[in-house]
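Architecture at a glance
Each chain is listed here by its residues.
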Amino acid sequence: MIDLTTQYAGLTLRNPIIIGSSGLTSSPERNKEYEKAGAGAIVLKSLFEEQIEMQSSDLMKISDYPEATDYIREYVKTNQINNYLEVIKKTKATCSIPIIASINCYKADAWINFARQIEQAGADALELNVFYMDTDLAHDYDSTRAMYVNIIRKVKETISIPVIMKIGKFFSNIPALVHILKINGADGIVLFNRFYRPDIDINTVQLVSGNVFSSHADLGDTLRWTAIVSGKIPGFSISSSTGVHDWEDVIKCLLAGASTVQMCSAVYTHGSEIISQVLTCVEEWMTQAKYNSISQFRGKLNYANINNPGMYERSQFMKYFSNRD
Ligand SMILES: Cc1cc2nc3c(=O)[nH]c(=O)nc-3n(C[C@H](O)[C@H](O)[C@H](O)COP(=O)(O)O)c2cc1C
C-alpha cells in the first residue's frame, strides 16, 4: 500500500499536489471538483491589495464629494473582503482537504485585520504572496528584506493558523531570505511565484502581456532552489511551484526536498483530470522504486544529501558551456 501523505507547514495532506492560487480556485464549486479529482490541498485565488486600492480610487474619481473618500475606500475594501470570506466559508463547507487562503500584498498594516477574519472564516492556513519588485535606485537589499520580515512578523503576531510565504525568484541570496522568514515565524515557503511577463509587439510597437503560463523550461530554477533551501534549512516546509507540469516533475521536486508541489498552468491546460493521472504515475514510480511512503525519498537529492552539491551551482554551468563547440 502506497502512502502519499505529506506534512506541509503543520498541515497533513493526503498527497503533495496543491492547486496553486489562480482563477482556477476562485469558486467553491470548482474547488470541490479539484478535491474529487484528488488534490491534496487548494490555495484560493489571492485577494490583491492593489486590486482593492485600484477599485476604490476608480470609484473616488466619479464621486463629487471629496469627503466621501474614506467612506468609499472602506466600503470597497469591506465588500471585497466579505466576498472573499464567503468563498472560504463555502469551500470549507463542502471540502475536507486543507484550504489555504491567499493575500497578495506589499504592506503589512492594511492586512492584519483581514488575516484575522480569514482565520475566523475557517481557512486552514494563509499564503502570503508578497508581490514587490524593487526598482528604486535609492533602496538597498536590506530594506526590501526588512519589508518581507515585517509582514511575516506582524501576521504571525495576529493569527495562529500556519502562515506560508510565497516569494519570487529574483533575490540575491534566497536561502538567507528563507532562513530569516523562518526565524520570524514563517511555517513554510513557496518557491516560486511567477511574475507577470512583459513582451513587446514589434508590429504595433507596444508593450503587451507575455505568456501567462509556465513551461517545463521553468522547472530548473524551481528544482535548484528547492534543493538548496531544503539542504540548508532541514525540516522546513517547501512547496515547489513554477514549471511543475507532469508526474515526473512532481517526483523531481520531492527528490529535491519539497513537501508539496503546486500546479497551476498544467491544470489550466489539461483540466482537473491531470491530478489523478499524476497521482497514479507517482504511485507506479514509487512501487517500481520500492518506496512505500514519500518520506523514504523526499530530499534524497537535496543540497545536503548529494556528493557534489556544486551541481546545483554556477560552476557546473561554466563547465557545461566551456565543453560545447
Ligand atoms: C492565470 C493565473 C492567475 C494567477 N493568479 C494568482 C493569484 O491570484 N495569486 C497568486 O499567488 N498566484 C497567482 N498565480 C501564480 C500561480 O499560483 C503560480 O505561482 C504560477 O503560475 C507558477 O505555477 P505554474 O508553473 O504551475 O503555473 C496565477 C497564475 C496564473 C497563470
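Summary of the structure given here.

Time to look at the site of the ligand. The ligand sits among 22 residues. The nearest are Ser21, Ser46, Asn129, Ser214 and Ser265. Between lysine 45 and the ligand, the recorded distance is 3.3 Å, taken from a side-chain N or O atom to an oxygen atom. Serine 241 is positioned with one of its side-chain polar atoms (N or O) 3.4 Å from an oxygen atom of the ligand. Within the complex, the protein chains bury 88% of what would otherwise be the 610 Å² of accessible surface of the ligand. Of all the secondary-structure elements, those providing two or more residues to the shell around the ligand are strand E13 (260-263) and helix H9 (265-270). Of the residues assigned to the shell around the ligand, the class counts are seven nonpolar, 12 polar and three charged.

Successive residues of a regular strand alternate their side chains across the two faces of the sheet. Of all seven residues that make up strand E6 (residues 99-105), seven are buried, and the element is covered over most of its length. Covered by surrounding structure in E6 are Ile99, Ala101, Ile103 and Cys105 together with Ile100, Ser102 and Asn104, the residues of both alternating faces. In this structure, strand E5 (residues 47-48) lies alongside E6, joined through two bridges in parallel fashion. Opposite leucine 47, over in E6, you have isoleucine 103 as the bridge partner. Where E6 lies against strand E7 (residues 125-130), six bridges are found, and the strand directions are parallel. By the bridge assignment for E7, serine 102 is matched with glutamate 127.

Further remarks concern the pattern of salt bridges. The full count for this structure, using the stated rule, is seven salt bridges. Across the pair aspartate 124 and lysine 92 runs a salt bridge, and its minimum N-O distance is 2.9 Å. Of this pair, aspartate 124 sits in the loop between helix H4 (112-121) and E7 while lysine 92 sits in helix H3 (residues 69-94), and the two are 32 residues apart along the sequence. Lysine 92 gets classed as partly exposed once you look at its relative accessible area, which sits at 25%. Between lysine 169 and aspartate 221 there is a salt bridge, and its shortest N-O distance comes to 3.1 Å. Within this pair, whereas lysine 169 is found in the loop between strand E8 (163-167) and helix H6 (174-183), its partner aspartate 221 is found in helix H7 (residues 219-232), the two being separated by 52 residues in sequence. Looking at lysine 169, the relative accessible area reads 17%, which means it is buried. Residue aspartate 221 is classed as partly exposed on the basis of its relative accessible area, which comes to 29%.

What counts, and at which threshold
Each residue is numbered by its place in its chain's sequence as written, counting from 1. Confidence filtering applies because this is a predicted model: local features only for residues at pLDDT of at least 70, side-chain atom pairs given and counted only at 80 or more, and all residues used for totals across whole chains, interfaces and linings. With hydrogens and water set aside, each side-chain value is computed from the structure's full complement of heavy atoms. If a single non-hydrogen atom of a residue is within 4 Å of a molecule or strand, that residue counts as near it. Polar contacts, as counted here, are pairs of nitrogen or oxygen atoms within 3.5 Å of one another; within protein the pair requires one atom able to donate a hydrogen and one able to accept it, and residues that are adjacent in sequence qualify only if both atoms are side-chain atoms. Values of accessible area rely on a 1.4 Å probe in the Shrake-Rupley scheme; residue burial ignores everything except the protein chains shown. Put simply, DSSP marks the helices as runs of H or I at least four residues long and the strands as runs of E at least two long, and each gets a number from the N terminus on. Three classes are used: nonpolar for Ala, Val, Leu, Ile, Met, Phe, Trp, Tyr, Cys and Pro, charged for Asp, Glu, Lys and Arg, and polar for all others, with Gly counted as polar. When accessible area is computed with a 1.4 Å probe and restricted to protein chains, residues below 20% of their type maximum are described as buried, those above 50% as exposed, and intermediate ones as partly exposed. Strands qualify as paired when DSSP identifies two bridges or more between them. The rule for a salt bridge is simple: a side-chain nitrogen of Lys or Arg has to be within 4 Å of a carboxyl oxygen of Asp or Glu.

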